[in-house]
Structure formats: C-alpha cells, structure tokens
Amino acid sequence: MAGAVALAPQHPAALYGLARANALTGRTGEALGILGQLAAMGFARFDAADSAFRTMSSRPAFARLTARLAANRRPLVRSDTAFMVAGPDRIPENVAFDPGTGTFFLGSLAERTVVRVRPGAPPVPFAGPADGLLRVVGMKVDARGRRLWVATWAPVLDSARLAAGQESDTRLFAFDLASGRRLLMLSPRDTTRSHSFNDLVVTPAGDVYVTDNDEASVYRVRAGADTLELMARPDPARFTRANGIALSARGTRVYVAFAEGIARLDPTSGRVRYLAVPPTVTTASIDGLYWKDGNLIAIQMTASVERVVRFVLDPGGWRVHRAEVLERAHPAFRYPTTGVVVRDSLYYVANPGWDRLQDDGTVQSAEMPAPTVILRLPLR
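Numbering of residues begins from 1 in every chain and follows the order in which that chain's sequence is written. This being a predicted model, a pLDDT of at least 70 is required before a residue's local features are given, and a value of 80 or more before pairs of side-chain atoms are given or counted; all residues contribute to the totals for chains, interfaces and linings. Hydrogens and water molecules were not included; the side-chain quantities draw on all heavy atoms of the structure.

A. Focus on the sheet that holds strand β5 (residues 124-127). Read across the open sheet, the four strands follow the order β2-β3-β4-β5; overall the sheet is antiparallel. Where the open sheet ends on each side, the last strands, each with one partner, are β2 (95-98) and β5. Taken pair by pair, the neighbouring strands of this sheet meet at an average axis angle of 30°, ignoring direction. Two strands are said to pair when DSSP picks up at least two bridges between them. The secondary structure listing takes helices from DSSP runs of H or I that are at least 4 residues long and strands from runs of E that are at least 2 residues long, numbered from the N terminus. Every axis corresponds to a line fitted to the C-alpha atoms, with the helix fit spanning only the stretch in contact, and the corresponding angles, defined between N-to-C directions, vary from 0 to 180 degrees.

This is the structure we're talking about:
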C-alpha cells in the first residue's frame, strides 16, 4: 500500500488501505495519524467495526477519530431543485447551458441523445443516434460560435478488440445551436489504443480542449479547424483517468482532474503538473471541475468522499490553500456527476443512476423510478 500512496499521496482509498495495513501490523500510531488525515480530508465511508482496527478499538483517540469520520456523513444541503426531466432510464451524465437563449441541454448515456430543456417545459429532441452519437458525456456551449460541443464514448464489445486493449470507442461532435445540424464528428487518429472522451472546455478564442479518460490525455481542436491534435499525454504511471477540465475566465489557465488529483496544463508546452495541496485536502477522483472567481469548484464522488467542494487557490493558481465543502449527502443524490456554472450558481445532475447502465446498453430497472433532478447550488 505504501507504493500506492507514493503514486497517489492524496487519494483517500490508498491512504485508507495504508491505515489498515499499519493497524494490522501493530503500527497503531501511524494508523491513527492516517485516520486523522482522512477525517480532515472528508473521508466518509469509515467502518469502525473493521476487523483491521480491532486492537485499537478501546483507545480514546480511536473513538474520537471515529466520531470525526462519522461527522463527514452528515448532510450539508444548500441546493434547491432547478428543474426535473421525466424519464428515469435516460441516465444523463451532463448538462450544458446556452446563455443566448436561456435553455439547457441534457445528454443521455442510455438513449445516446441530447435534448433541449426549458425549465417547466417538456424536453425537445436535439440530436441522437442518427447523428452518430455514442453515450453522451461532456457538453459545452460555444456561445460566441453558436455551437454545442458534445463528447461521447461507448464500450467495445468485440472480443478481438478487447484482447488488443481497445476498451472504448469515442467521438467528439459540434452541432449548430440554432438548427441542430451536425457540423463535425471527430475521433483520435490512433486506433491502436483505447480512447474515451470525457469532458471539455471552450476557450474565449474558440479552441476546444477535451479529456481522454482511457488514455489519460488531452486533445485540442483549434478554432476553425476540423482535426484533433494531441495536446498532452503525461506520465501514465502518475497520471491516470483524465476526467473533468476547467478553464480560467481569460482562458490562460487549464486544469485537469486525474484520478490522483488536479493538475495544471500548460497549453503551449503541453507540460502537466499537479497542484500543491495541504495534507488535509484531497483533490483526487473528481468528476466535474469548474472555474469560479479565481477558485475551482469540483464535484467529487468516490466511494469515500461524495460532495461538492470549493478549492481555494493561491493567486498564481498553482497551490490549493484549503477546501470548503459546499454540499454533501443531498437527499436527491444518486451518483451525481457533472454540470455547468451559470452566473453565480452550479447546475448539476444529482441522480443520473449510471450504475444501472450495462455494457450492452440495457438499463436495469430502478427500485424507485424518479425523474432526473438538476440541482442549483449558489456559489456566492
């Protein structure tokens, strides 16, 4: 476990494994220290009855830590419901917003569609499988260019391709906002490895940066171009599962969420460097990532940390000073994913239910079917 912590020193799962290993081998002080670090990070899935900690269970310090860890599960609810969309089997991953018309776009993993949504009105079809869509993930509106950019992927089911290590197919689309006409459909030229586009941003100049989850890389489509270019592919031993991506207001800072933590990308050189964080903060396993007023807003959903959090940055944007939990354990949560910042609020998908979606595209029935809930979280 020490090796895993060395590669991902702020990942709660790795730290928890190390705490268990220390407890099992009699290193009680080290185990208690790591549990204290996890409590400060917001770790919420601690089991006090875990047999690994049996020899520590009578210690007052362990009891105090157990109480602190349990407190991380208490709900902190600040959102209201912005709107709901019917269809429990839609399985949406993301929502986008068009400031020009005041409408939202909701993508679907299961149906491979994008619908246009006005709160209080039925959704209107915008794009679907006939346009070539795979499972819809990241979406962003280019308000200036009047385009909707859509990242999609799908699991590979062919055994020969799976044996060759190609787990996913992926496509990036651009649609005309007014007509819904497909303008671009792009895929990586390298077909020897697995690719899975995830999330994207659009710069003020119209360039598009999109993360590739499988390759742990970032691609770019320059404004006016119709080709993908590899922008960054950092060390695969230290950077895995590129996911959320955020852009500063002026477009000069690019932040990418990897499984191990948030890194900053230099768009000129392609160099990637992790942000410095205090030992009591984790930026690991982030899905949605957004820039707001000089700081980063993150939807952080793992088996041990499930919350929306603000990471307060230093003026240079290379260091996280502290983490401020904005929302935790909302009653509408069912694996919340990503969203969009609209003025001073974050709109995000609270209950996509992606755990019900199977590789073959079928959706397991829900015990309690519910419409898709879009939450609105004030950021001021």
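B. Examining the packing of helix α3 (residues 28-41) against helix α4 (residues 60-71) more closely. Packing of α3 against α4 leaves a shortest axis separation of 9 Å and a crossing angle of 20°. One finds that α3 runs roughly parallel with respect to α4. Helix-helix and strand crossings are classified by hand; for α3 and α4 the assignment is left-handed. Between α3, through L32, L35, G36, L38, A39 and A40, and α4, the contact on the second element is made entirely by A61, F62, L65, R68 and L69. Basically, the charged four are Asp, Glu, Lys and Arg, the nonpolar ten are Ala, Val, Leu, Ile, Met, Phe, Trp, Tyr, Cys and Pro, and anything else, Gly included, counts as polar. Here the contact of α3 with α4 is built from residues that sort into nine nonpolar, one polar and one charged. Note on angle classes: values under 35 degrees are labelled roughly parallel, values over 145 roughly antiparallel, values of 65 to 115 roughly perpendicular, and the remainder oblique. A clockwise turn of the near helix away from the far one marks a right-handed crossing, whereas an anticlockwise turn of less than a right angle marks a left-handed crossing. Whether two residues are in contact is decided by their heavy atoms, any of which lying within 4.5 Å being enough.

C. Region of the structure containing the side chain of R90. Secondary-structure assignment places R90 in the loop between β1 (80-85) and β2. What R90 contacts, discounting residues up to four positions off in sequence, is V85, L106, S108, L109, A110, E111, V115 and P123.

D. Region of the structure containing the packing of aromatic side chains. The criterion for an aromatic pair is that two Phe, Tyr or Trp rings (for Trp, the six-membered ring) have centres within 6.5 Å, with stacked assigned to planes under 30 degrees apart, edge-to-face to planes over 60 apart and tilted to the rest. If you walk through the whole model with that rule in mind, you get 19 aromatic pairs. Measuring from ring centre to ring centre gives 4.3 Å for F239 and Y274, while their planes differ by 10°; the resulting arrangement is stacked. With a gap of 35 residues between them, F239 in the loop between β13 (229-232) and β14 (245-247) and Y274 in strand β17 (residues 272-274) connect regions that are remote in the sequence. Pair check on accessibility: F239 and Y274 agree, each one buried. When the ring of Y335 is compared with that of W354, the centres are 5.0 Å apart and the planes differ by 50°; the resulting orientation is tilted. A 1.4 Å probe rolled over the protein chains alone gives each residue an accessible area, and that area as a share of the maximum for its type sets the label: buried under 20%, exposed over 50%, partly exposed in between.

E. Spotlight on α4. Relative to the 16 Å expected for 12 residues at 1.5 Å per residue, α4 spans 17 Å between its end C-alpha atoms, a close match to the ideal helical length. Three or more residues of α4 are buried, namely F62, L65 and L69. Buried residues of α4 fall within an arc of 65° about the axis and therefore sit on the same side. Exposed side of α4, more than 90 degrees from the buried face: P60 and R64 are the residues found there. Those residues of α4 that are buried lie in contact with α3. A helix's residues, less one, multiplied by 1.5 Å, set its expected span. By definition, the arc is the one covered by directions from the helix axis to the C-beta atoms.

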